Amino acid sequence: MPIQQSLSIIKPDATKRNLTGKINAKIEDAGLRIVAQKRVKWKQAEARKFYAVHKDRPFYKDLVKFMTSGPIVMQVLEGNNAVSKYRKIMGATNPKEADKGTIRADFAQDIERNSVHGSDSAENAAKEIKLCFKKAEIVG
């Protein structure tokens, strides 16, 4: 099993409800390490750049507006198969379809306010991490 890194973002709906610690407990209990973490409030330009892959999708403007509506917690997770492991811990995008005990089943409010973002591939994880963190900010 390869050691990988994945990006995690705890979204504004979860930070507003003080769920950062509960979400991080699930991450750590699953065997992933948080090797970088920062709480920020994105500007429109930062959110647009991060979600540029979705710019032609109908939900893009609402996503950018939501992701700039409050603080987020960006994290780099590390561990064996970190990308797939975190995606399993997050649960399905639609919390109604998420397995019991996953972050989204336990904490998401709806499909748009689903509490967390996670990289969907090792390649995208590398790109997303580079967008959000300097190398010196990632410490094992």
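Scroll up a little and you will see the structure.
One structure accompanies this document, and this report is about it. This one's a predicted model, so the numbers in the text were calculated from it and none came from an experiment.

## A few points about the pairing of strand S3 (residues 72-80)
Phase 1: Counting buried residues along S3, seven of its nine residues qualify, which places the element largely inside the surrounding structure.
Phase 2: Here eight bridges tie strand S1 (residues 3-10) to S3, and the two strands are oriented antiparallel to one another. Among the inter-strand pairings, isoleucine 9 is bridged to a residue of S3, identified as methionine 74.
Phase 3: Bridging between strand S2 (residues 33-40) and S3 involves seven bridges; their strand directions are antiparallel. Bridge assignment links arginine 33 to a residue of S3, and that residue is glutamate 78.

## Notes on unusual backbone geometry
Excluding glycine, a negative phi dihedral is what most residues carry, and trans is how most peptide bonds are arranged.
Phase 1: Although it is not a glycine, asparagine 18 sits at a positive phi angle of roughly 55 degrees.
Phase 2: You can see asparagine 18 is positioned in the loop between helix H1 (12-16) and helix H2 (20-29).
Phase 3: When its relative accessible area of 66% is taken as the criterion, asparagine 18 is described as exposed.

## Remarks on the packing of aromatic side chains
Phase 1: Inspection of the entire model under this criterion finds three aromatic pairs.
Phase 2: Each ring, one from tryptophan 42 and one from tyrosine 51, has its centre 6.2 Å from the other, and the planes form 85 degrees; the classification is edge-to-face. By the burial criterion, tryptophan 42 is buried, and tyrosine 51 matches it.
Phase 3: Taken together, a centroid distance of 4.9 Å and an interplanar angle of 80 degrees make the contact between phenylalanine 50 and tyrosine 51 edge-to-face. Comparing phenylalanine 50 with tyrosine 51, the two get one shared label, buried.

## Topic: the sheet that holds S3
Phase 1: Taken in spatial order, the four strands of this open sheet run S2-S3-S1-S4, and their pairing is antiparallel. This sheet does not close on itself; its edge strands, each paired only once, are S2 and strand S4 (116-118). Averaged over all adjacent pairs, the angle separating strand axes in this sheet is 20 degrees, with direction ignored.
Phase 2: Contacts between H2 and the sheet are confined to S1, S2, S3 and S4, with S2 contributing the most and set at about 160 degrees to the helix.

The rules behind the values
Residues numbered from 1 in each chain as written. Predicted model: local features only at pLDDT ≥ 70, side-chain atom pairs only at ≥ 80, totals over all residues. Heavy atoms only, no water. Buried < 20%, exposed > 50% of the residue type's maximum accessible area, 1.4 Å probe, protein only. Helix = DSSP H or I, 4+ residues; strand = E, 2+ residues; numbered from the N terminus. Pairing = 2+ DSSP bridges. Phe/Tyr/Trp six-rings, centres within 6.5 Å; stacked < 30°, edge-to-face > 60°. Axes fitted to C-alpha atoms, helices over the stretch in contact; angles between N-to-C directions. Contact = heavy atoms within 4.5 Å.

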